[in-house]
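# Results of the structural survey
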Amino acid sequence: MPSKRMADPRLPLGEILKAVDPREKAALALKLANEGVSGIPDSPLSDWPRPVRRDEPPLRPPNEMPKRGLGSLAGRQALMHAIAHIELNAIDLAADMAGRFAHVIPLPERDSFVADWLSVMSDEARHFLMVADRLEQMDTRYGALPAHEGLFDAAARTSFDIKARLAIAPLVLEARGLDVTPGMIERLRRAGDDSSAEVLTVIYTEEIGHVATGIRWFRHCCSGDEQSPAEIFKSLVEQHFPGGLKRPFNDEAREEAGFERQWYEALAKS
Ligand SMILES: [Fe+2]
Ligand SMILES: [Fe+2]
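Our subject in this report is the structure included herewith. Source: prediction; values computed, not measured. (Residues numbered from 1 in each chain as written. Chains lettered and ligands numbered in written order. Predicted model: local features only at pLDDT ≥ 70, side-chain atom pairs only at ≥ 80, totals over all residues. Heavy atoms only, no water.)

### Regarding the packing of aromatic side chains
We apply this condition: Only Phe, Tyr and Trp rings are paired, with Trp represented by its six-membered ring, and only when their centres lie within 6.5 Å; those with planes under 30 degrees apart are stacked, over 60 edge-to-face, the remainder tilted. Numbering of helices and strands runs from the N terminus; a helix is a DSSP stretch of H or I covering at least four residues, while a strand is a stretch of E covering at least two. Exposure categories follow from relative accessible area, calculated using a 1.4 Å probe and restricted to protein chains: below 20% of the type maximum is buried, above 50% is exposed, and the middle band is partly exposed. Think of it as a cone above the ring: NZ of Lys or CZ of Arg counts as a charge over the ring if it is within 6 Å of the ring centre and within 35 degrees of the ring normal.
According to the stated counting rule, one finds 10 aromatic pairs in the structure shown. Between Phe113 and Trp217, the aromatic rings sit 5.1 Å apart at their centres with planes inclined by 90°, giving edge-to-face as the arrangement. Of this pair, Phe113 sits in helix α4 (residues 110-137) while Trp217 sits in helix α7 (residues 194-222), and the two are 104 residues apart along the sequence. Here Phe113 and Trp217 have matching classes, each one buried. Relative to Trp263, the ring of Phe259 has its centre 6.0 Å away and its plane inclined at 85°; by these criteria the two rings are edge-to-face. Since its relative accessible area comes to 2%, Phe259 is described here as buried. One Lys or Arg, Arg254, reaches over the ring of Tyr264 and ends 4.4 Å from the middle of that ring.

Structure below.
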């Protein structure tokens, strides 16, 4: 029997977080992004789900991940597997952003907040499928190699505060992707793996837009605050990402995303 709660437009977003099969999760995300979600009410959903953990890939702490050069197929498989894992987690993070946090964005901007993160979610689902397909061309598959829990942990640590989530997910982690991806593309090309390099080039270009979306909503959320967005960013990153930010930064891509240099330079590891 349909209850009143069944009508909450966030529930299909929750189904994405609960989807166990990676390709099913991506397909659900693409379908929902296509259909759109609107009319999210002012109150939180009390039983908002957490992303499910699967039996595979086996999860290891980031410092226990094997490091291999890209000269060997095994090394390239490991790199693309790590990227697939990031993209899958990014689907969950985008669904979580729209479903968990939309109610804190006052109307009338709430629907455009949701539309923005649905668009990010749709990109992430496409990214995951591209990398998963590429892994299969490379005689392996997503789930076959170990992966690390960094993104999942970052999401869990910031699930109570939209500004903290925006600071850590798009503005620290996705921006870090902009710093490191051009080097990966170059190394893949040098190893003769143009197909993987092309997949990463598409991802890199679109991730600039995700960081831009993060910046825009972070500024929006800070607009009524006494402190500047740069100061709020600094204190949130110090609190939730205490290791500091690694150089070198990709200033050009960060600038294209609207990320001001003083925001992240203030947090760089010396
Ligand atoms: Fe992505
Ligand atoms: Fe992204």
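### Quick notes on the coordination of the iron ion (ligand 1)
Going by this rule: Metal donors: N, O and S atoms at distances within 2.8 Å, or within 3.2 Å for Na, K and Ca, with water omitted from the atom set so that some sites may seem incomplete. Every geometry call rests on angle ranges, with four donors termed tetrahedral when all angles are between 85 and 135 degrees, four termed square planar and six termed octahedral when opposite donors are over 155 degrees apart and all others are between 65 and 115, and everything else termed irregular.
The protein atoms that coordinate the iron ion (ligand 1) are Glu87 (OE), Glu124 (OE), His127 (ND1) and Glu207 (OE), at distances spanning 2.0 to 2.3 Å. Viewed at the metal, the 4 donor atoms of the iron ion (ligand 1) are separated by angles of 89 to 157°, and the geometry they form is irregular. Between consecutive donor residues of the iron ion (ligand 1), the sequence gaps follow E-x36-E-x2-H-x79-E. Taken as an interatomic distance, the gap from the iron ion (ligand 1) to the iron ion (ligand 2) is 3.6 Å; Glu124 donates to each of them. With His127 in helix α4 and Glu207 in helix α7, the pair connects residues that are 80 residues apart, well separated along the chain. By relative accessible area, which is 0% here, His127 ends up buried.

### Details of the pattern of salt bridges
Note the following rule: We count a salt bridge whenever a side-chain nitrogen from Lys or Arg sits within 4 Å of a carboxyl oxygen from Asp or Glu.
For the structure on display, the rule yields 24 salt bridges. Across the pair Asp8 and Arg10 runs a salt bridge whose closest N-O atoms are separated by 2.8 Å. Here Glu35 and Lys31 are joined by a salt bridge, their closest N and O atoms 3.2 Å apart. Taken together, the residues Glu35 and Lys31, both in helix α2 (residues 22-35) and 4 residues apart, mark about one turn of the helix. Given a relative accessible area of 51%, Glu35 falls into the exposed group.

From the geometry alone we can't say anything about function, so treat these as descriptive.
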